[in-house]
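Spelled out, the chains give:
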Amino acid sequence: MKAEALEPREEAATTGPAVTRPIPVQHRDDRGLPLLGQVLEYAKDPVALCRGRWERYGPVAPFRALGKNAVMLLGPDACGAALQNKDKAFANEPAWSELVGPFFHRGLMLIDFEEHLAHRRIMQEAFTRTRLEAYTQRLHPAIEQGVAAWEEGTEFPSYWKLKQLTLDIAADLFMGGVQDTGQAEMDRINKAFIACVQAAAGIVRINAPFTRWGRAYRGRKVLEDFLRHYLPAKRALPTDDIFSVLCHVENEDGERFSDDDVVNHMIFLMMAAHDTSTITTSTILQYLGQHPDWQELCRAEALALGPAPSMAELDKLVSIDLVMREALRLRAPVPVLVRYAVKDTVVEGVRIPAGTDVIVGIQFTHLMEDYWTDPLSFDPDRFGPERREDKSHRFAWEPFGGGVHKCIGMYFGGLEVKAIMHRLLREYHWTVDPGYMPPMDYHSLPFPKDGLPITLIRN
């Protein structure tokens, strides 16, 4: 449905830009379940929920969850207003803390304003081009070792295999290999990360047995103990892994991270690095399996390079880059962002009072017909130079967020995904039923409940 046909948008047009209106009143027939509100609707199909909100209320829509009233910002104009945050009305920490705060406490995503800027300036030194080039060279042996154990010719859950692979990569690049850590311990670390991420879907939000939050509290302790065990050695001897870099890097004023800062940032970075890369790479595997023409284009690019391409060579993988961008559009690793209004503000003519919880609908924008041709179809050429549909609006495509909180590791994540796909395409081919749609779990970050099964056949 076009925006111009919506009653709320018509009201905005007639009242004029200088006149604001309150958040629309939520109709009785779509408030969801008592207490839970629309949480289960979101977990079932967040895009359908957002589309229903958009069609009924417009770009600023009421939403109810866990006994609280909130608003959803939908469409690139409303989402862009929150991401740019020009009047500093929206904060991250109060919003994310309600979902996963105790478990990713003080990570870069959970601090705001001047403090966030100070931490980001220090952390940016860990992602300079020189450091990225060094990380890229470490990617290839880690990927080669991880993929070598995959089952050829047998169907296996690719998502979970990729999740283990990206965690192993994080252990190498972020931790420097942790040579004294066995596979059983890394499995325990992986489970701890999963528990912390899935806390976002917790209903009982206390440290209680048999609850998501209870498991997440235990997971956070596992991660803290793991990192603090290695912290003295990382402080003592600089190396080229990210853990060591965070221990030693400083800004132009000589400011450095405390031990607590390093641990908090490492927990958040390792989660963000391996979870989002896993989601994106598994999505690429699905769509390339369903579109053999694109798989062959990407394979030709991969075969044209050697077994360990440089960062500059990975940047030149044009087809793989187009496919990655389309995968990020169709299945954003983080479908929504959350914010909290710390003061009154106005978005798209709607007054949002201080104290309002805000949900920013990134994934919905990626699928709007106003900005994308046949938005549900797999069409990487839409990102090509002749079309550039992602330029239809500044915030039409924002899988990494935007503004000051835009993902600091997005370029590294792209290199990791391209390096994994480069290896798989050179060594294997695979097919996926064209009609297959993975059953997705949206309780926290999206993942395929069936593990996205595929069969790799050696080239």
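Residues numbered from 1 in each chain as written. Predicted model: local features only at pLDDT ≥ 70, side-chain atom pairs only at ≥ 80, totals over all residues. Heavy atoms only, no water.

Draft legend 1. Examining the overall build of the protein chain more closely. Each helix and strand counted, the protein chain has 17 helices and 13 strands in total. For 459 residues, the compact-globule formula gives about 23 Å, and the C-alpha radius of gyration of the protein chain, at 22 Å, lands near that figure. Projected onto its principal axes, the C-alpha coordinates of the protein chain cover approximately 60 × 50 × 45 Å. Per-residue burial over the protein chain gives 56% buried out of 459 residues. (Helix = DSSP H or I, 4+ residues; strand = E, 2+ residues; numbered from the N terminus. Rg over C-alpha atoms; globule rule 2.2 N^0.38 Å. Buried < 20%, exposed > 50% of the residue type's maximum accessible area, 1.4 Å probe, protein only.)

Draft legend 2. Fine view of unusual backbone geometry. Its identity as a non-glycine residue notwithstanding, glutamate 348 has a phi of 50°, on the positive side. For glutamate 348, the location among the structural elements is in the loop between β6 (345–347) and β7 (350–352). Note on glutamate 348: relative accessible area 33%, which makes it partly exposed. Not every positive phi belongs to a glycine, and aspartate 374 is a case in point at roughly 45°.

Draft legend 3. Broad picture of the sheet that holds strand β8 (residues 357–360). Ordered in space as β1-β2-β8-β5-β3, the five strands form an open sheet in which the pairing is mixed. Edge positions in the sheet fall to β1 (60–65) and β3 (90–91), since each has one partner strand and no second. Strands β2 (68–73), β3, β5 (337–341) and β8 of the sheet are contacted by helix α4 (residues 76–84), whose axis makes an angle of about 105° with β2. (Pairing = 2+ DSSP bridges. Contact = heavy atoms within 4.5 Å. Axes fitted to C-alpha atoms, helices over the stretch in contact; angles between N-to-C directions.)

Draft legend 4. Representation of the pairing of β1 within the structure. Of all six residues that make up β1, five are buried, and the element is covered over most of its length. Sheet topology places β1 next to β2; six bridges connect them, and they run antiparallel. Across the sheet, valine 60 pairs through a bridge with leucine 73, a residue of β2. Connecting the antiparallel pair β1 and β2 is a turn made up of two residues, with leucine 66 showing a positive phi of about 50°.

Draft legend 5. Broad picture of the environment of aspartate 379. Following the sequence through the fold, aspartate 379 ends up in the loop between α16 (362–365) and α17 (410–427). The sequence separation of aspartate 379 and alanine 184 amounts to 195 residues, and the corresponding C-alpha distance is 41 Å. Sequence-distant contacts of aspartate 379, defined by excluding residues within four places in its chain, comprise Glu326 and Arg387.

Draft legend 6. Broad picture of helix α6 (residues 113–123). Buried within α6 are the following residues: His116, His119, Arg120, Ile122 and Met123. Down the axis of α6, the buried side of the element spans an arc of 160°, and every buried residue falls inside it. (Arc of directions from axis to C-beta.)

Draft legend 7. Representation of the packing of helix α8 (residues 158–175) against helix α9 (residues 183–198). Where α8 contacts α9, the two axes come as close as 11 Å, and the packing angle between them is 105°. Our classification of the angle between α8 and α9 gives roughly perpendicular. Counted together, Trp160, Lys163, Gln164, Leu167, Asp168 and Ala171 of α8 and Gln183, Met186, Asp187, Ile189, Asn190, Phe193 and Ile194 of α9 form the full contact between these two elements. Looking at the contact of α8 with α9, its residues break down into seven nonpolar, three polar and three charged. (Parallel < 35°, antiparallel > 145°, perpendicular 65-115°, else oblique. Nonpolar A, V, L, I, M, F, W, Y, C, P; charged D, E, K, R; others polar.)

Draft legend 8. Inspection of the environment of glycine 176 at higher detail. With respect to the helices and strands, glycine 176 occurs in the loop between α8 and α9. The exposure class assigned to glycine 176 is buried, which follows from its relative accessible area of 17%. Distance in space between the C-alpha atoms of glycine 176 and aspartate 240 is 7.6 Å, their sequence separation being 64 residues. With near-sequence residues (within four places) excluded, glycine 176 lies in contact with Arg138, Ala171, Lys234 and Asp241.

Draft legend 9. Structural context of the confidence of the model for the protein chain. Averaged over the protein chain, the pLDDT score is 89; the fraction of residues at 70 or greater is 95%. For residues 1–16, every residue scores under 50 in pLDDT, and the model assigns this stretch 23 contacts once sequence neighbours within four places are set aside. (pLDDT = per-residue confidence, 0-100.)

Draft legend 10. Looking closely at the packing of aromatic side chains. Taken as a whole, this structure holds 15 aromatic pairs when the rule is applied. Ring geometry for tyrosine 159 against phenylalanine 447: centres 5.9 Å apart, planes inclined by 25°, an arrangement best described as stacked. Of this pair, tyrosine 159 sits in helix α8 while phenylalanine 447 sits in strand β11 (residues 447–448), and the two are 288 residues apart along the sequence. Side by side, tyrosine 159 and phenylalanine 447 carry an identical accessibility label, which is buried. Summarising the aromatic geometry, the rings of phenylalanine 174 and phenylalanine 412 are spaced 6.0 Å apart at their centres and angled 70° between planes, so their arrangement reads as edge-to-face. Of this pair, phenylalanine 174 sits in helix α8 while phenylalanine 412 sits in helix α17, and the two are 238 residues apart along the sequence. Both residues of the pair, phenylalanine 174 and phenylalanine 412, count as buried. Connected via pairs of aromatic rings, a cluster forms that spans Trp372, Phe383, Trp397 and Phe400. A cation over an aromatic ring shows up here: arginine 329 above the ring of tryptophan 372, its NZ or CZ 5.2 Å from the ring centre. (Phe/Tyr/Trp six-rings, centres within 6.5 Å; stacked < 30°, edge-to-face > 60°. Lys NZ or Arg CZ within 6 Å of the ring centre and 35° of its normal.)

Draft legend 11. Structural detail: the pattern of salt bridges. Using the criterion set out here, one finds 29 salt bridges in the structure. Between glutamate 133 and arginine 129 there is a salt bridge; the shortest N-O distance is 3.7 Å. Placement of the pair is glutamate 133 and arginine 129 together in helix α7 (residues 129–147), with a separation of four residues, close to one helical turn. Assessed through its relative accessible area of 45%, arginine 129 is described here as partly exposed. Residue aspartate 225 is joined to lysine 221 by a salt bridge in which the shortest nitrogen-to-oxygen separation is 2.7 Å. Here aspartate 225 and its partner lysine 221 are both found in helix α10 (residues 212–236), four residues apart, which amounts to about one turn of the helix. Residue classification places aspartate 225 among the partly exposed residues on the basis of a relative accessible area of 43%. (Salt bridge = Lys/Arg side-chain N within 4 Å of Asp/Glu carboxyl O.)

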